[in-house]
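Understanding the architecture of this molecule
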Amino acid sequence: MNGANNMSDVNNMTDVSDLNGTANSMNGEQEHIFYARDLNIYYGDHHAVADVNLDIYSKEITAFIGPSGCGKTSVLRCYNRMNDLIPIAKVEGTLEYKGLNLYGSQIDPVEVRRRIGMVFQKPNPFPKSIYENVAYGPKVCGMSRNRSELDDIVERSLKRAALWDEVKGRLKSSAFGLSGGQQQRLCIARAIAVDPDVLLMDEPCSSLDPIATTRIEELMDGLKNDYTIIIVTHNMQQAARISDKTAFFTTEENAETGMRTGMLIEFDIAEKIFSNPNDERTENYVTGRFG
Amino acid sequence: MAIFGRLLDRRTKDHIQKSVTQALGTKRSGRSGILDTLLRYIIIALLFISLIILAVLIIDIAIDGFDVLSSRLGSFLSGTLRSRSVDEGIGIQQGLVGSFWIAVFVAVFAFPIGIAAAIYLEEYAPKNRLTKFIELNIRNLAGVPSVVYGLLGLFIFVKGFDVFLLRNFKSLVGGSSLAAAGLTLSILVLPIVIITAQEALKTIPSIIKEGAYGVGATKWQVIRGQVLPYAAPGILTGTLLSMSRAIGEAAPLILLGAVTGRLGLKAGLFDFYQLQERFTAMPIIITNWTQKQGRDIGFGENAAAAIVVLLFFVLLINATAILLRNYFEKKRA
């Protein structure tokens, strides 16, 4: 693991970035692509996530782990402004992408989602053909000038998602005819077809069998050369296997209101989180004593 | 050791077998089992009752109208309204043309406005009290008796309100005219179109919408490329069923001044000038001839024949709705 000495716990991180204050932080080897400070998420009156300070680094896999309801998915959905689709959701604090305030008034969420792709918990192919599923993004983004360009993008994306060989003979048939694992790889192909910078993955393997899960994990390992990947997972082995950095979230009850609010406990390189975490709560969780 | 193992084996097997047979046995002989069977037969019986009522109606009318339809179908379809049933050339051409134009008006006005309203309410309107209030009122409007819509049409199109924009409607449609009838019935089915389209738009799983947003689609691209194709079968069925409702309505047309006696005008299907002229329609002819059969027995048979023709067209529209729905659903999967 490179960058082992970059990271420390959350509180220190704030100090470091305050000192640097630029996109090129730490020791200059790595640059952070996302920069979150005091990120708070509310759903109506419910304070869902409190004060997240977190830097995501380029061309790495960052895993979010934690018990249910700890807000890891909510945080993930901030990165491509997917929370905008929930009318009662409100995001406060600073969230920067390459130094740009993602929630700034001049930012177009549609443009954000073209750069920051997403793969969802349940495979969600469109009720269209395999080809149309992959071609949809490039079409709505106006990426291709003609049919053969589109064909190229579809082929390249499917190859990238390790699905081409299985579907090249039946591109025109329905995506619903694929198995769950194939559907999820199709969704990955669909996400990378618009050539994003970042891939957000919200428990992408939670509905897949172990073999399909392994395939997706192998795929992610290859994809991280070109994409920054953030993955939410319930599977601690998976986080330990594939992530470079791991963020542990948990939920705590507010003594006054009785409402549960998620928070980031610890963020570090994966090895450290899983072998020798700083926080006792992290240790309890990764050793299976709680959650 | 081996004996003990076998003994255990058999005992376990026996135990499993016993519990399985017990479970199966209770399901068949238990009280809930009897209730289940009973309920099934009651439901089947109820289904048959409604089917029998429908069959009796159709057969009775088909028998009454058979003579007219078999002996002079051509002249019946091309003939006009007459004062006596024995008159040469009595027929329903004017009613068919009138009902055709009513259907066209519904397709041109009620469908686009209704679907657009449904898209707005489902996708764009803020989820607040005002929206809820509007939706509730649309549901109430769908339940308002059709004769009330006739009154509305009478005041707006025929009598003419002397208020701001409304006063223009009267001169535009030409008073008691086919256009007034088409617009009134479009208003009548508009709430139904909105509600069914809204229900259809709701059926798209949110994960498909999120998937489209996730690759950078704009709101309209998601609606155009994902939501509408997904909802198309439901929207089509709902709108076409509302069309058959519109062409079956008689009460509002009576208030609008549909001609029941002799209508001088005999225009072709696509003669646009008739839109501003006096009109009649299939349900009006049926109502009128049925009323007249007391004095002139021949009108009863003509009315029955007209009902068969109207039913034919209504069933044609409904069948189209079902076929289109199946086609789009197949395409979706």
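Each remark here, short or long, concerns the structure printed above.
What comes next concerns the included structure. Values in this document were obtained by computation on a predicted structure and should not be read as measured data.

Here we look at the interface of chain A and chain B
Interface size, as often reported, equals the accessible area lost upon joining of the parts. Between chain A and chain B, the contact holds 26 residues from the first and 19 residues from the second. Regarding the contact of chain A and chain B, the summed buried area is about 1,700 Å², with carbon and sulfur atoms giving 60% of it. Counting the contacts that link chain A with chain B gives 1 salt bridge. For Glu210 of chain B, the salt bridge is made with Arg77 of chain A, and the minimal N-O distance between the two is 2.6 Å. Of all the secondary structure elements, the ones that give two or more residues to the side of chain A that touches chain B are helix 3 (109–115), strand 6 (116–119), helix 4 (130–140) and helix 7 (180–192) of chain A. Counted by class, the side of chain A that touches chain B contains 16 nonpolar, 4 polar and 6 charged residues.

Considerations on the packing of aromatic side chains
In this description, an aromatic ring pair is defined by two values, namely the gap between the centres and the angle between the planes. Counted under the stated rule, the structure contains 14 aromatic pairs over all chains. Between Phe64 of chain A and Tyr79 of chain A, the ring centres sit 6.5 Å apart and the planes meet at 50 degrees, which makes this aromatic pair tilted. Note that Phe64 of chain A is positioned in strand 3 (residues 61–65) and Tyr79 of chain A in helix 2 (residues 72–79), a separation of 15 residues in sequence. Consider the rings of Phe105 of chain B and Phe109 of chain B, whose centres lie 5.6 Å apart with planes at 20 degrees: the pair is stacked. Here Phe105 of chain B pairs with Phe109 of chain B, and both are found in helix 3 (residues 93–124), just 4 residues apart, close to one helical turn.

Focus on a negative patch on the surface
All names here are of chain B. Together, Asp60, Asp64, Asp67 and Glu301 make up a negatively charged patch on the protein surface. Broken down by element, the residue count for the negative patch peaks at 3 residues, all from helix 2 (residues 31–78). Of note, Asp64 is situated in helix 2. A residue is classified by how much of its surface remains accessible, and Asp64, at 38% relative accessible area, is partly exposed.

Quick look at the sheet that holds strand 2 (residues 46–57) of chain A
Residues and elements named next belong to chain A. Within the open sheet, the 10 strands sit side by side as 5-4-1-2-10-9-3-8-7-6. Their pairing is mixed. With partners counted over all chains shown, the strands left at the sheet margins are strand 5 (100–101) and strand 6, one partner each. The pairing of strand 1 (residues 32–43) with strand 4 (residues 89–97) spans 8 bridges and is classified as antiparallel. Residue Asn40 lies in a different strand from strand 4, and its bridge partner there is Glu92. Taken strand by strand, helix 2 contacts strand 1, strand 2, strand 3, strand 4, strand 6, strand 7 (198–202), strand 8 (228–232) and strand 9 (245–253), and its axis lies near 120 degrees from that of strand 1.

A word on the pattern of salt bridges
Residues and elements named next belong to chain A. Applying the stated rule across the entire model yields 25 salt bridges over all chains. Among the salt bridges present, the one from Asp197 reaches Lys98, with a minimum N-O distance of 2.6 Å. Of the two residues, Asp197 sits in the loop between helix 7 and strand 7 while Lys98 sits in the loop between strand 4 and strand 5, which places them 99 residues apart along the sequence. For Asp197, a relative accessible area of 25% gives the class partly exposed. Note that Asp226 and Arg160 form a salt bridge whose closest N and O atoms lie 2.7 Å from each other. Taken together, the residues span a long stretch of sequence, with Asp226 in the loop between helix 8 (210–223) and strand 8 and Arg160 in helix 5 (residues 147–160) at a distance of 66 residues. For Asp226, a relative accessible area of 40% gives the class partly exposed. By relative accessible area, Arg160 is classed as partly exposed at 32%.

About the criteria used
Residues numbered from 1 in each chain as written. Chains lettered and ligands numbered in written order. Predicted model: local features only at pLDDT ≥ 70, side-chain atom pairs only at ≥ 80, totals over all residues. Heavy atoms only, no water. Contact = heavy atoms within 4.5 Å. Buried area = accessible area lost by both parts, 1.4 Å probe. Salt bridge = Lys/Arg side-chain N within 4 Å of Asp/Glu carboxyl O. Helix = DSSP H or I, 4+ residues; strand = E, 2+ residues; numbered from the N terminus. Nonpolar A, V, L, I, M, F, W, Y, C, P; charged D, E, K, R; others polar. Phe/Tyr/Trp six-rings, centres within 6.5 Å; stacked < 30°, edge-to-face > 60°. Patch = residues over 30% accessible without salt bridge, like charges linked within 9 Å, V, L, I, M, F, W, Y side chains within 5 Å. Areas by Shrake-Rupley, 256 points an atom, 1.4 Å probe, with all protein chains shown as cover. Lys, Arg positive; Asp, Glu negative; His and termini not counted. Charge placed at Lys NZ, Arg CZ, Asp CG, Glu CD. Buried < 20%, exposed > 50% of the residue type's maximum accessible area, 1.4 Å probe, protein only. Pairing = 2+ DSSP bridges. Axes fitted to C-alpha atoms, helices over the stretch in contact; angles between N-to-C directions.

Honestly, it's all geometry; don't read function into it.
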